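Working through the structure, step by step
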Amino acid sequence: MLSRRALLAGGAAVAALPVDARAQDLSAAASSGVAAWPTQPIRLVVPFAPGGTTDLVARMLAQGLQDRLGQPFIIENRPGAGATVGSQQVAQAAPDCHTLLMSNIASHGIAPTLYRTLRYDAVKDFTHVALVVSNPSVFVANPRFAGPTLADVARLSREAPRGIDIASSGSGSSNHLLIVQFGQAANARVNHVPYRGAGPAMTDVIAGVVPLMSDSLPSAAGHIRQGSVRAVAMASAERHPAFPEVPTFREQGIDLVSDSWFGLSGPAGMPPAVVQRLSQSTLAVLAEPGLRIRFTELGGTPGALSPSGYTEFVRAEVARWAPVVRASGAEVG
Amino acid sequence: MDLLGNLAHGFYVALSFQNLLFALIGALIGTAIGVLPGIGPVATISLLLPITFGQPATTAIIMLAGIYYGAQYGGSTTAILLNLPGEISSVVTTLEGYKMARNGRAGAALATSALASFFAGTVATVVVAGSGPLLTSVALSFGPADYFSLMLLGLIISAVLAQGSVLKSISMVVLGVALGLVGTDVQTGQQRFTFGVPELSDGIGFVALAMGMFGIAEIILNLERPEARSVLKTKVGSLFLTREEFRRATPSVLRGTAVGTCLGILPGGGASLSSFGSYMMERKVSKNRHLFGTGAIEGVAGPEAANNAAAQTSFIPLLTLGIPSNAVMALMVGALIIQGIQPGPRMVEAQPDLFWGLICSMWIGNVMLLIINLPMIGMWVKLLQVPYKFLYPAILVFCCIGSYSINNNVFDVYMTVLFAVFGVVCSKLKMEPAPLLIGFVLGPMMEEHLRRAMLLSRGDPMVFVERPISATMLAIASVALIAMLLPSLRKGKEAAMAG
């Protein structure tokens, strides 16, 4: 049963390829010793709980990769410890190219500085394949809050006897770090109010318990569209195509850009031929118009980085967040 | 459109062949996974999520909602038959339900659970349909200080749960709070009591704790006493409720429905309080409170009604604010977002098919569950007649799969084993596990709300008495505390006078 299905799928794939491409593929496979990857279902480890942005992005990507590579992609949610539990498991997996990871800003950008005892190296212990999507953080406010711009927020924070409250989805998250950066850059007196995830924090912002929140655009997008909160500033380099009316931090005179990102990675030592094929398939999936529209609606920008480009990107992110994490005072033993 | 028109439209959507079919499929899958210990709706829905990509949004959400209720029903079944709570809500069901099963009234307990759930589900559905958007403002008027006071009230009243010594029960609550504090501190991000184990940084899993301390510990104890196993094989008695049982259960169902409907609306952990709340209430106000601890039907009927009512009304924050109140709801939001729909206040106008179709299918799902479950009671009860030597390895295997599937991590299986051993020790010391679980669930939430309230008030504790909701809760809590202490004080005084 299984062998018949595999044969059929294999046959279809071979038939569809032009002759020279097939020859190329075969020689590549022969030289690297990975004949006809993938030969079995691929586990895609999502180091977050199901239902979140990373999970949704992973599922959409998995669907596309499955159609292109002819093997099912199985999403495995392994949440825990700021996405480091799942990441560590993939770092230790065999580089047989059947275990992949949704690498992300938490586990591969911030954790290397935040966690004192992290058991993996975000760059060396992985084969980074492709940047999948990045999305900006955004400051949102309760609609009744009297400060339409960042300058107002900073002014009000200095006028209030004990500063201004800003909520985030958690201590040590990129959204928290943006609050720290904003406090420094705008000379604002901010009082960080951490929550257990974006949902409860958003509830309190809508209710007016906390006037402001630093959130990732995908989780805030719906609430902004519905008017239950007001977007104050987008932490992207340029205005976001889905929210062209929301000014950026830079436009408001505060030079801050904060994107959270997700990418596709595997354990260190994956054969270059497989990495190449996976990277090309991923880029092709990300170029599909249907997926691009969905990602943009979610508030994200599809990535377009080569394996070496993504590796450099991760390295740069680790270096970039290190001083910010230290300034925030957050540290996990 | 008025309410009746909306409901008519909703039924028109929900009763289409496709939607009806998927409501049934959802209810069946939900019941099945609910019965398998530990395999919860979260794992199932995340597995089935890709299937929903190709379905219309309404159909998808109707199926997922069916799984959610189905799991609630199924979870009660294992709690009653095997002392295996899969969720916070069914912990309470084990208290009287499992005792009823051991008294040969498993069929009656299951029927009570199904009928109470159905009744409560119906009432709560009407509440959601009639005043959902209105109730949102109630949910939003609860600030951190109010949640803290509500949880404190719950914790104080939970001393009522003590079946034996009050001192032992309080120490179990405190131990539960301590266990609940393991993990990353929300305010500072610091790790507490994790001993450098990354798997502990998100805290101890509820399923590992509950399954170990209740279900597996019970298996070990059963294996230890051969005579206890034969109890399971005694005659099962009438499968249905006697008239007397029906009369006893009715007022409890009504009270449970009211408690669950109100608490379910609160997104900050109200639903998990509902079955505890109802159980405590029954132990105080029911006419047969002296029977509690020996298999009182009131202790099954009330909490089961409360639990299902809360499961229903916990859709209100999701549908009107777009904010999920638990992991299952988060998955449903994910399913909707993939479909390009943002749940929230505008969904009622923007997606009337989805909104009213879902509400009506909630009720249809409850009818289906009743139809599926009532005839199956006989079958479930027969399960108890399976020789224990075949039954217990099967339960252990499913517990193992269940605890693994939560985070796809073997660590949770080890934790389950650890808590099973701990559960046996507690049982030997006559320490009840239920108060520990209440402390475990409420403790961390209380701490979080307390510290957030203090953070927002810049350290001014007056916030707890200045806010009317919080002040009321605290007043009730103090009255409860005094009422609990007075009899013992008076007794002491009388003894002193006599002496």
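Scroll up a little and you will see the structure.
Just so we're clear, the structure is a prediction, and the values are computed from it rather than from any experiment. Each chain has its residues counted from 1, running along the sequence as written. Starting at A for chains and at 1 for ligands, labels are handed out in the order in which the entities are written. In keeping with the model being predicted, local features are shown solely for residues with a pLDDT of at least 70 and side-chain atom pairs are shown and tallied solely at 80 or more, while totals for entire chains, interfaces and linings include all residues. The basis for the side-chain values is all heavy atoms of the structure; hydrogens and waters are excluded.

Another point: the overall build of chain B. A count of helices and strands for chain B gives 22 helices and 2 strands. Here the analysis covers contacts within chain B between residues at least 6 apart in sequence; of these, 79% occur between residues at least 24 apart. Per-residue and other accessible areas follow the Shrake-Rupley method at a 1.4 Å probe size, with only the shown protein chains counted as cover for residues. Accessible area for chain B stands at about 19000 Å²; split by element, carbon and sulfur atoms hold 72% of it. Labels follow the DSSP assignment, with helices taken as runs of H or I lasting at least four residues and strands as runs of E lasting at least two, numbered in each case from the N terminus. A contact between two residues is defined here by any heavy atoms of the two lying within 4.5 Å.

Before going further, it helps to examine the overall build of chain A. The secondary structure content of chain A amounts to 12 helices and 10 strands. Scored against the burial criterion, the 333 residues of chain A give a buried share of 56%. A separation of at least 24 residues holds for 76% of the contacts in chain A among residues at least 6 apart in sequence. In the structure as shown, chain A presents an accessible area of about 13000 Å², 56% of it carried by carbon and sulfur atoms. Burial here depends on accessible area, computed with a 1.4 Å probe over protein chains only, as a share of the maximum for the residue type. Under 20% is buried, over 50% is exposed, and the range in between is partly exposed.

This part is about the interface of chain B and chain A. The interface of chain B with chain A comprises 44 residues on the first partner and 46 residues on the second. A simple way to read buried area is as the amount of 1.4 Å-probe accessible surface that goes missing from two parts once joined, with both sides added. Here chain B meets chain A over a buried area of about 3800 Å², counting both sides, of which 55% is carbon and sulfur. Each reported salt bridge corresponds to a side-chain nitrogen of Lys or Arg within 4 Å of a carboxyl oxygen of Asp or Glu. On the surface where chain B and chain A come into contact, there are 2 salt bridges. The shortest N-O distance in the salt bridge between A:Arg196 and B:Glu448 comes to 2.9 Å. Polar contacts, as used here, are pairs of N or O atoms within 3.5 Å; protein pairs need one atom able to donate a hydrogen and one able to accept it. Residues neighboring in sequence count only if both atoms are side-chain atoms. Where chain B packs against chain A, one counts 5 residue pairs in polar contact (both at pLDDT 80 or more). Elements supplying a minimum of two residues to the side of chain B that touches chain A: α3 (41-53), α15 (327-338), α18 (388-407) and α20 (433-456) of chain B. Ten residue types, Ala, Val, Leu, Ile, Met, Phe, Trp, Tyr, Cys and Pro, are classed as nonpolar, four, Asp, Glu, Lys and Arg, as charged, and the remainder, Gly among them, as polar. When its residues are assigned to classes, the side of chain B that touches chain A shows 21 nonpolar, 17 polar and 6 charged.

Here the aromatic set is Phe, Tyr and Trp, taking the six-membered ring for Trp, and pairing holds for ring centres within 6.5 Å; pairs whose planes are under 30 degrees apart are stacked, those over 60 apart are edge-to-face, and all others are tilted. In this structure the tally under the stated criterion is 16 aromatic pairs over all chains. When the centroid spacing of 6.0 Å and the interplanar angle of 45° are considered together, the rings of B:Tyr68 and B:Tyr69 count as tilted. Exposure remark for B:Tyr68: the relative accessible area of 4% places this residue in the buried category. On the accessibility criterion, B:Tyr69 (1% relative accessible area) is buried. The structure contains a cluster of three or more aromatic residues connected by ring pairs, namely A:Phe139, A:Phe182 and A:Phe249. The criterion is that NZ of a Lys, or CZ of an Arg, lies within 6 Å of the ring centre and within 35 degrees of the ring normal, and then a charge sits over that ring. Directly above the ring of A:Tyr195 sits B:Arg452, whose terminal nitrogen or CZ lies 3.6 Å from the centroid.

Before going further, it helps to examine the nonpolar core. Across soluble globular proteins, nonpolar side chains show a tendency to be buried alongside one another. As used in this record, nonpolar core signifies buried Ala, Val, Leu, Ile, Met, Phe, Trp, Tyr and Cys residues forming a set joined through side-chain atoms within 4.5 Å. Judged by nonpolar contacts, the single largest core of 89 residues is most densely connected at B:Ile204, B:Phe206, B:Leu209, B:Met213 and B:Leu442. If you look at the next biggest cluster of nonpolar residues, it comprises 45 residues, including B:Ala57, B:Ala71, B:Ala114 and B:Ala311.

The subject of this paragraph is the pattern of salt bridges. Oppositely charged side chains are able to pair whenever their charged atoms sit close together. Applying the stated criterion across every chain, the model contains 25 salt bridges over all chains. Across the salt bridge formed by A:Arg155 and A:Glu159, the nearest N and O atoms sit 3.4 Å from each other. Of the two residues, A:Arg155 and A:Glu159 are both situated in helix α6 (residues 150-159); the distance of 4 residues between them amounts to about one turn of the helix. One salt bridge connects B:Arg102 with B:Glu218, and the closest N-O pair in it is separated by 3.0 Å. Linking B:Arg102 in helix α5 (residues 88-102) with B:Glu218 in helix α9 (residues 206-224), this pair joins segments that are 116 residues apart in sequence. Note on accessibility: B:Arg102 and B:Glu218 belong to one class, buried. Connected through salt bridges with shared partners, the residues B:Asp185, B:Arg192, B:Glu447 and B:Arg451 form a single ionic network.

The next point concerns the pairing of strand β9 (residues 259-267) of chain A. All names here are of chain A. Burial analysis of β9 places 8 of its 9 residues in the buried class, the great majority of the element. Being paired, for any two strands, means DSSP has found at least two bridges between them. Sheet analysis places strand β4 (residues 126-141) next to β9, joined by 9 bridges and oriented antiparallel. Within β9, the residue paired with Asn135 across the bridge is Ser260.

Residues and elements named next belong to chain B. Method remark: on a 1 Å grid restricted to protein atoms, a set of points is classed as a cavity if a 1.4 Å probe fits but cannot get out and as a pocket if it is open with protein on both sides within 12 Å along at least five of seven lines; lining residues have an atom within 4 Å of a point. Grid points are joined across faces, edges and corners, and a volume is the space filled by probe spheres set on the points. One pass over the structure, following the stated rule, counts 4 cavities of 30 Å³ or more. Put simply, the largest cavity is a space of about 70 Å³. Lining the largest cavity are 11 residues, and of these Leu82, Tyr98, Asn222, Tyr388 and Ile395 lie nearest its centre. Residue assignment for the lining of the largest cavity shows that the elements contributing at least two residues are α4 (57-82), α9 and α18. Broken down by element, the lining of the largest cavity gets its largest block of residues, 4 residues, from α9. Among the residues making up the lining of the largest cavity, the classes are represented as 8 nonpolar, 2 polar and 1 charged. Considering only enclosed or pocket space, the second largest cavity measures out at about 60 Å³ in volume. Lining the second largest cavity, in full, are Tyr73, Ser76, Thr77, Leu110, Ser113, Ala114, Asn373, Ile377 and Trp380. At the level of elements, α4, α6 (106-140) and α17 (352-383) are the ones that each hand at least two residues to the lining of the second largest cavity. Here the lining of the second largest cavity is composed, by residue class, of 5 nonpolar, 4 polar and no charged.

Here the focus is the pairing of β4(A). All names here are of chain A. Within β4, 16 of the 16 residues are buried, leaving the element largely enclosed by the surrounding structure. Bridge count between β4 and strand β10 (residues 301-302): 2 bridges; the pairing is antiparallel. Following the sheet pairing, Val133 is matched in β10 by Pro302. Pairing geometry for β4 and strand β7 (residues 212-216), over 5 bridges, is antiparallel. Looking across to β7, one finds that Ser137 is bridged to Ser216.

Now for α4(B). End to end, α4(B) covers 37 Å across 26 residues, agreeing with the expected 38 Å (1.5 Å per residue, within 8%). B:Asn83 sits one or two residues past α4(B) and shows a positive phi near 65°. Here, expected helix span is obtained from the residue count minus one, scaled by 1.5 Å.

Time to look at the packing of α3(B) against α15(B). Residues and elements named next belong to chain B. For the pair α3 and α15, interaxial distance at closest approach is 10 Å and the crossing angle is 10°. Accordingly, the angle class assigned to the pair α3 and α15 is roughly parallel. Contacts between α3 and α15 involve Pro41, Val42, Ile45, Ser46, Leu49, Thr52 and Phe53 on the former and, on the latter, Ala327, Val328, Leu331, Ala335 and Ile338. A breakdown of the residues in the contact of α3 with α15 according to their chemical character gives 10 nonpolar, 2 polar and no charged. Orientation is described by lines fitted to C-alpha atoms, with helices fitted over the stretch in contact, and by angles between N-to-C directions that extend from 0 to 180 degrees. With respect to orientation, any angle under 35 degrees is reported as roughly parallel, any angle over 145 as roughly antiparallel, any angle of 65 to 115 as roughly perpendicular, and every other angle as oblique.

A few words now on unusual backbone geometry. The phi dihedral of A:Cys97 is positive, around 70°, even though this residue is not glycine. Along the chain, A:Cys97 turns up in the loop between α4 (84-92) and β3 (99-104). Of note in this structure, B:Lys430 is not a glycine but carries a positive phi near 60°. The topology assignment puts B:Lys430 in the loop between α19 (410-428) and α20. For B:Lys430, a relative accessible area of 64% corresponds to the exposed category.

Attention now goes to the environment of B:Gly176. All names here are of chain B. Here Gly176 shows up in helix α8 (residues 166-180). Taking the C-alpha atoms as reference points, Gly176 and Pro433, 257 residues apart in sequence, are found 9.0 Å from one another. Ignoring sequence-local partners within four residues, the contact set of Gly176 consists of Leu436, Gly439 and Phe440.

With that out of the way, let us pick up the side chain of B:Ser470. Here B:Ser470 is to be found in helix α22 (residues 468-498). There is a polar contact of 2.7 Å between the side chain of B:Ser470 and the side chain of B:Ser149.

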